[in-house]
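# Understanding the architecture of this molecule
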Amino acid sequence: MSRISDLQKNLFGGTTSNARQFGMISTLVAIVLLFQIWTDGLTLTSGNLIAVVSQYSYILILAIGMLMVIVAGHIDLSVGSVAAFTGIVVAKAMQEYDLPWPLGIALGLLVGAAIGAWQGFWVAYIGVPAFIVTLAGMLLFRGGNQYIGNADTVPVPEGFRKIGAGFLPEVGPDTGYNNLTLLLGVAACAGVLWREWQARRTRREMNADLAPLWVTGIRLAVMFGVIVFATLRFAGGRIGTSLPISGIILIVLVLAYSHYTRNTIGGRHIYAVGGNARAAELSGVKLKRVNFLVMMNMSVLAALAGMIFVARSSASGPQDGLSWELDAIAAVFIGGAAVSGGLGTVSGSIVGGLVMALLNNGLQLEGVGSDMVQIIKGLVLLLAVAFDVYNKRQGRFSVIGALTRPFRRDDPAAPAAPNSDVDKAGIAG
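So, how was this worked out
Residues numbered from 1 in each chain as written. Predicted model: local features only at pLDDT ≥ 70, side-chain atom pairs only at ≥ 80, totals over all residues. Heavy atoms only, no water. Helix = DSSP H or I, 4+ residues; strand = E, 2+ residues; numbered from the N terminus. Buried < 20%, exposed > 50% of the residue type's maximum accessible area, 1.4 Å probe, protein only. Contact = heavy atoms within 4.5 Å. Areas by Shrake-Rupley, 256 points an atom, 1.4 Å probe, with all protein chains shown as cover. Arc of directions from axis to C-beta. Salt bridge = Lys/Arg side-chain N within 4 Å of Asp/Glu carboxyl O. pLDDT = per-residue confidence, 0-100. Axes fitted to C-alpha atoms, helices over the stretch in contact; angles between N-to-C directions. Parallel < 35°, antiparallel > 145°, perpendicular 65-115°, else oblique. Left-handed = near helix turned anticlockwise from the far one by under 90°. Patch = residues over 30% accessible without salt bridge, like charges linked within 9 Å, V, L, I, M, F, W, Y side chains within 5 Å. Phe/Tyr/Trp six-rings, centres within 6.5 Å; stacked < 30°, edge-to-face > 60°. Lys NZ or Arg CZ within 6 Å of the ring centre and 35° of its normal. Core = buried A, V, L, I, M, F, W, Y, C linked by side-chain atoms within 4.5 Å. Expected span 1.5 Å × (residues − 1).

## Description of the overall build of the chain
Assigned secondary structure in the chain consists of 18 helices and 2 strands. Among the 429 residues that make up the chain, the fraction classed as buried is 47%. When contacts within the chain are restricted to residue pairs at least 6 apart in sequence, those whose partners lie at least 24 apart make up 79%. With an accessible surface of roughly 21,000 Å², the chain has 66% of that area assigned to carbon and sulfur atoms.

Laid out in structure tokens, this is it:
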């Protein structure tokens, strides 16, 4: 097997979803480089990257929940309205009833869970399509936001604002960087190294094929490079600003939900339901419970996203949450989720969300009008879904394979046998 084939098969895990995510990562890198040049280096400054995380973390949180909804074969149009409704309820409770802000956060999560249980009941147990249920929810909770808030803004206390506008504190000696952010970067590198070691050990115990060490080294070098660069950028912000608290919340959710969807029975059941609901039910999957929990989880994350936005804005208002559902859905589809359900990853949705966030940010830095920003974002979404449909029809998913095929040294006049390692690598790619 050639070195290019080894790299193609093993660099990002050799799976279909990972290969598709690599295409989105390539798109993300291209967007960053384009705007870095176009904005004369403003895109990758510490201040701008911190602002991007602070401004778009709530959309990325929504994308995590929306990924599970779409994988299960549903759609949720109510997330923006649920976020706005939760925000006004929490703000009113803290303002009029002097509710301490930690209890305000707990109240918001309970409100989200109650809304999710309401919508999940209609979807899972009554059988009303999620599109209709959440469309009704979008109208219902948008009206509830305006009714409770009397179409006015309601401020929130200082302590509550930290979840949306706070940063990791400055501690320890003066190193020129935020020390806590540096420690998080070191921990992230250690976690990546440990995970790689665990994966190789597990595959060795199972007598499975191991990626060549040189491929593993390249993969680790790329990951370490990204982590170190991001760590120094966020740690190098002006005094008092580094990694936003909302970014910490996002990281915790990404790790938790990635583990749940990849490594637990409940997570695999969601993919089974989205792939073939009837077959999953015949296999023992409790279809109604899965659908109920997916819808409920989405509303809880929407409530959290709404509270983070209100905290960052210092007040809840009648315009909160407008079109958030569209941004979340776009992030999931751009990140490689299948329109028909059953396929997609949390990390892919985050990459898709970052593509939209950095595209939006870069266009704003260049002073492009909001009208053109919407047009460009719409075209990006359309092309991403068209790419997914095209790949399905062609029976291949590997961007790497398409890019490297012209440079392979295989003799076209004497192709390898169908069962050869080269052909297997091409298919796996």
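## Some thoughts on unusual backbone geometry
Notably, aspartate 98 is not glycine yet its phi reads approximately 50 degrees, a positive angle. Locating aspartate 98 in the fold gives a position in the loop between helix H4 (79-96) and helix H5 (101-126). You can call aspartate 98 exposed: its relative accessible area is 64%. Its identity as a non-glycine residue notwithstanding, alanine 151 has a phi of 55 degrees, on the positive side. As for its placement among the helices and strands, alanine 151 is situated in the loop between helix H6 (130-149) and strand S1 (154-155).

## Considering helix H11 (residues 265-275)
Because an α-helix completes one turn every 3.6 residues, residues spaced three or four positions apart along the sequence face the same direction. Every buried residue belonging to H11 is among Gly267, Ile270, Tyr271, Val273 and Gly274, and all of these are buried. For H11, the angular spread of the buried residues around the axis is 160 degrees, confining them to a single face. Facing away from the buried side of H11, by more than 90 degrees, are the exposed residues Ile265 and Gly275. Next to the buried residues of H11 lie helix H3 (46-71), helix H10 (245-263), helix H12 (277-282) and helix H13 (287-313).

## A short note on the pattern of salt bridges
Inspection of the entire model under this criterion finds 5 salt bridges. Glutamate 196 serves as the salt-bridge partner of arginine 219, at 2.6 Å between the closest nitrogen and oxygen. Note that arginine 219 is positioned in helix H9 (residues 213-235) and glutamate 196 in helix H8 (residues 179-205), a separation of 23 residues in sequence. For the pair shown, arginine 219 and glutamate 196 are each scored as buried. For aspartate 327, the salt bridge goes to lysine 377, with nearest N and O atoms at 3.5 Å.

## Some remarks on the environment of serine 246
Following the sequence through the fold, serine 246 ends up in helix H10. With relative accessibility at 0%, the residue serine 246 sits in the buried group. Each C-alpha atom of the pair serine 246 and isoleucine 163 lies 5.8 Å from the other, and the pair is 83 residues apart in sequence. Not counting residues up to four positions away in its chain, the partners in contact with serine 246 are Val53, Ser54, Ser57, Ile163, Gly164 and Ile308.

## Remarks on the environment of glycine 159
The topology assignment puts glycine 159 in helix H7 (residues 158-165). In this structure the C-alpha to C-alpha distance between glycine 159 and proline 102, which are 57 residues apart in sequence, comes to 8.6 Å.

## Digging into the confidence of the model for the chain
When pLDDT is averaged along the chain, the result is 85, and 85% of the positions lie at 70 or above. Confidence drops under pLDDT 50 across residues 13-17; counting only partners more than four residues distant or on other chains, this segment forms 6 contacts. Considering only residues more than four positions removed or in separate chains, one finds that residues 396-429, a stretch of pLDDT under 50, has 37 contacts.

## Some words on the environment of leucine 287
Mapped onto the elements of the fold, leucine 287 is located in helix H13. Distance from leucine 287 to alanine 272, taken between C-alpha atoms, is 9.6 Å for residues 15 residues apart in sequence. Contacts of leucine 287, omitting those with residues within four sequence positions, involve Val273, Ala277 and Glu281.

## Regarding the packing of H8 against H9
For the pair H8 and H9, interaxial distance at closest approach is 9 Å and the crossing angle is 165 degrees. Between H8 and H9, the crossing angle belongs to the class labelled roughly antiparallel. Crossing geometry of H8 relative to H9 is assigned as right-handed. Each of Thr181, Leu182, Gly185, Ala188, Cys189, Val192, Leu193, Glu196 and Arg200 in H8 lies in contact with H9, whose residues at this interface are Leu213, Thr216, Arg219, Leu220, Met223, Phe224, Ile227, Val228, Thr231, Leu232, Phe234 and Ala235.

## Re a nonpolar patch on the surface
On the surface, a nonpolar cluster with roughly 610 Å² of combined accessible area is contributed by Trp118, Phe121, Trp122, Tyr125, Ile126 and Leu140. At 5 residues, the largest contribution of residues to the nonpolar patch is made by H5. With respect to the secondary-structure elements, tyrosine 125 resides in helix H5.

## Remarks on the packing of aromatic side chains
Tallied over the entire structure, the rule returns 9 aromatic pairs. Pairing phenylalanine 309 with tryptophan 324 gives two aromatic rings, centres 5.0 Å apart and planes at 75 degrees, and the pair type is edge-to-face. Placement of phenylalanine 309 in helix H13 and of tryptophan 324 in helix H14 (residues 324-334) is noted, with a sequence separation of 15 residues between them. Each member of the pair, phenylalanine 309 together with tryptophan 324, is buried. Positioned over the ring face of tyrosine 271 is arginine 268, at 4.7 Å from the centre of the ring.

## Details of the nonpolar core
Grouped together as the largest cluster of nonpolar side chains are 68 residues, with contacts concentrated most on Ile61, Leu62, Ile64, Met66, Leu67, Ile70 and Phe160. With 14 residues, H13 is the single largest residue contributor to this core. In this view, isoleucine 64 contacts Leu250, Leu253, Val254, Tyr257, Leu301, Val346 and Ile350; residues no more than four positions away in its chain are not counted.

## Looking at H6
With 20 residues, H6 should cover 28 Å at 1.5 Å per step; its first-to-last C-alpha distance of 27 Å lies within 8% of that length. Every buried residue of H6 is listed here: Ala130, Val133, Thr134, Gly137, Phe141, Arg142, Gly144, Asn145 and Gly149. One side of H6 holds all its buried residues, which, seen down the axis, span an arc of 160 degrees. In H6, the exposed residues that point more than 90 degrees away from the buried face are Leu139 and Tyr147. On its buried side, H6 packs onto H4, H5, H13 and strand S2 (315-316). The positive-phi residue at the C-terminal boundary of H6 is asparagine 150, with phi of around 55 degrees.

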